[in-house]
Amino acid sequence: MKLIADCGSTKIDWCLIENGKVVKQVFTTGMNAVMLTEEEMAQRIASELMPELGDAAGIEAVYFYGAGCISEEVCANVAAAIRQSIPAPVIEVHTDLLAAARALCGHEAGIACILGTGSNSCYYDGEEICDNVSPLGYILGDEGSGAVLGKIMLGDILKNQLPEDLCQKFLSQYNLDRMTIIRRVYKEPQGNRFLASVTPFLIQNIDRPEIHALVVNSFKSFFVRNIQQYKGYNELKVNFIGSIAFYYKEVLAQAAAECGCTIGTIIKSPMEGLIAFHA
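All of the points below concern the structure found in this document. Computed from a predicted model, the values in this text were never measured in an experiment.

**Quick look at the pairing of strand β9 (residues 237-241)**
Thought 1: Of all five residues in β9, four are buried; the element is thus mostly enclosed.
Thought 2: In this sheet, β9 lies alongside strand β6 (residues 110-115) in parallel orientation, the contact comprising four bridges. By the bridge assignment for β9, A112 is matched with N239.
Thought 3: Examined bridge by bridge, β9 and strand β10 (residues 262-267) share four bridges and lie parallel to one another. Within β10, the residue paired with F240 across the bridge is I266.

See below:
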């Protein structure tokens, strides 16, 4: 049997598979591997996963994909934490970007992208990531992401760049005012999540030309500043994973066409593709 984990900061999706079939699926609290020690991660796995998973003796391999798994040292810590509860012969720890690439492209070459709260992209050769334009986070980069879409919209609202009726509609719907927005962005933790949390307003009002233009332009910025840097970008399918890509797929396709790119697969989460890859 094989155990696959798709780890985010909010939750971890664990799938135990045998012969390509899901035997058991367990959800546990998310982990950021950069912020937690090996012992803290081991304790969470032991207390949250193992009671649901049961006996680990039959698990031959663990494939763990997570945000924050960005260095050999961090990946080694995660692997050691897993090994305390699951002594599998094979334990591999990889980035969430490789999870996206394998889920979207399988064993074929292509461009794989994440478009959710943050954004990222890579050129994938069918096995490994060969090129990656650094996303740089929502302050310097993350074009097209939920955090950046929210940042642009809130800036436009507070600087009166959107029609007054839209501004008032937003502030009323989310029960926000200028000082609350500023406090949530600059003084409270995880400002990027707050910014991304208001993006449903965009899709609800996407028929308004001002909102449509805001979203299209942000997506076009993603293609220009990221995808167009990959060799042969106009010959390969550009594939996406993440909630923003999934819910805004029509606008995303328009932006791609205007930038000379062709959209391939768009899925909301990687697990189904990861199961097929590791089967």
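Back to the write-up after that little detour.
**Thoughts on the packing of helix α10 (residues 209-225) against helix α12 (residues 249-258)**
Thought 1: Closest axis-to-axis distance for the α10/α12 pair is 9 Å, and the angle between their directions is 50°. Considered as vectors, α10 and α12 are oriented oblique to each other. In this structure, the crossing between α10 and α12 has a hand that is right-handed. For the pair α10 and α12, contact is made by H212, V215, V216, F219, K220 and F223 and by V251, L252, Q254, A255, A256 and E258, respectively.
Thought 2: Here the contact of α10 with α12 is composed, by residue class, of eight nonpolar, two polar and two charged.

**What about the nonpolar core?**
Thought 1: Counting 44 residues, the largest nonpolar core has M153, F170, V215, F219, F223, I227 and F240 as the members making the most contacts within it.
Thought 2: At seven residues, the largest contribution of residues to this core is made by α10.
Thought 3: Every residue in contact with I227, bar those within four places of it in the chain, is listed here: I111, C113, S121, F222, Y233, V238 and C261.
Thought 4: W14, L16, L36 and L49 belong to the second-largest nonpolar core, a separate cluster that totals 31 residues.

**So, the sheet that holds strand β1 (residues 2-7)**
Strand pairing in a sheet is mediated by backbone hydrogen bonds. Such pairs are either parallel or antiparallel.
Thought 1: As summarised here, the arrangement of the five strands in space is β3-β2-β1-β4-β5, forming an open sheet in which the pairing is mixed. The open sheet has two edge strands with one neighbour each: β3 (21-29) and β5 (90-95). For this sheet, the mean inter-axis angle between neighbouring strands, taken without regard to orientation, is 15°.
Thought 2: Strand direction decides the pairing type here: strand β4 (residues 61-66) and β5, joined by six bridges, are parallel. Across the sheet, residue A61 finds its bridge partner in β5, namely V90.
Thought 3: Across the face of the sheet, helix α2 (residues 72-83) comes into contact with β4 and β5 while running at roughly 140° to β5.
Thought 4: The sheet strands contacting helix α3 (residues 96-105) are β4 and β5, and the helix crosses β5 at an angle near 100°.

**Regarding the side chain of D6**
Thought 1: Structurally, the position occupied by D6 is in strand β1.
Thought 2: Look at D6: it is buried, it has no salt bridge, and the nearest opposite charge is K11 at 5.7 Å.
Thought 3: Beyond its immediate sequence surroundings of up to four residues, D6 is in contact with K11, I12, D13, Y65, P270 and M271.

Thresholds applied
Residues numbered from 1 in each chain as written. Predicted model: local features only at pLDDT ≥ 70, side-chain atom pairs only at ≥ 80, totals over all residues. Heavy atoms only, no water. Buried < 20%, exposed > 50% of the residue type's maximum accessible area, 1.4 Å probe, protein only. Helix = DSSP H or I, 4+ residues; strand = E, 2+ residues; numbered from the N terminus. Pairing = 2+ DSSP bridges. Axes fitted to C-alpha atoms, helices over the stretch in contact; angles between N-to-C directions. Parallel < 35°, antiparallel > 145°, perpendicular 65-115°, else oblique. Left-handed = near helix turned anticlockwise from the far one by under 90°. Contact = heavy atoms within 4.5 Å. Nonpolar A, V, L, I, M, F, W, Y, C, P; charged D, E, K, R; others polar. Core = buried A, V, L, I, M, F, W, Y, C linked by side-chain atoms within 4.5 Å. Lys, Arg positive; Asp, Glu negative; His and termini not counted. Salt bridge = Lys/Arg side-chain N within 4 Å of Asp/Glu carboxyl O.

Take it as geometry only, folks, not as evidence of what the structure does.
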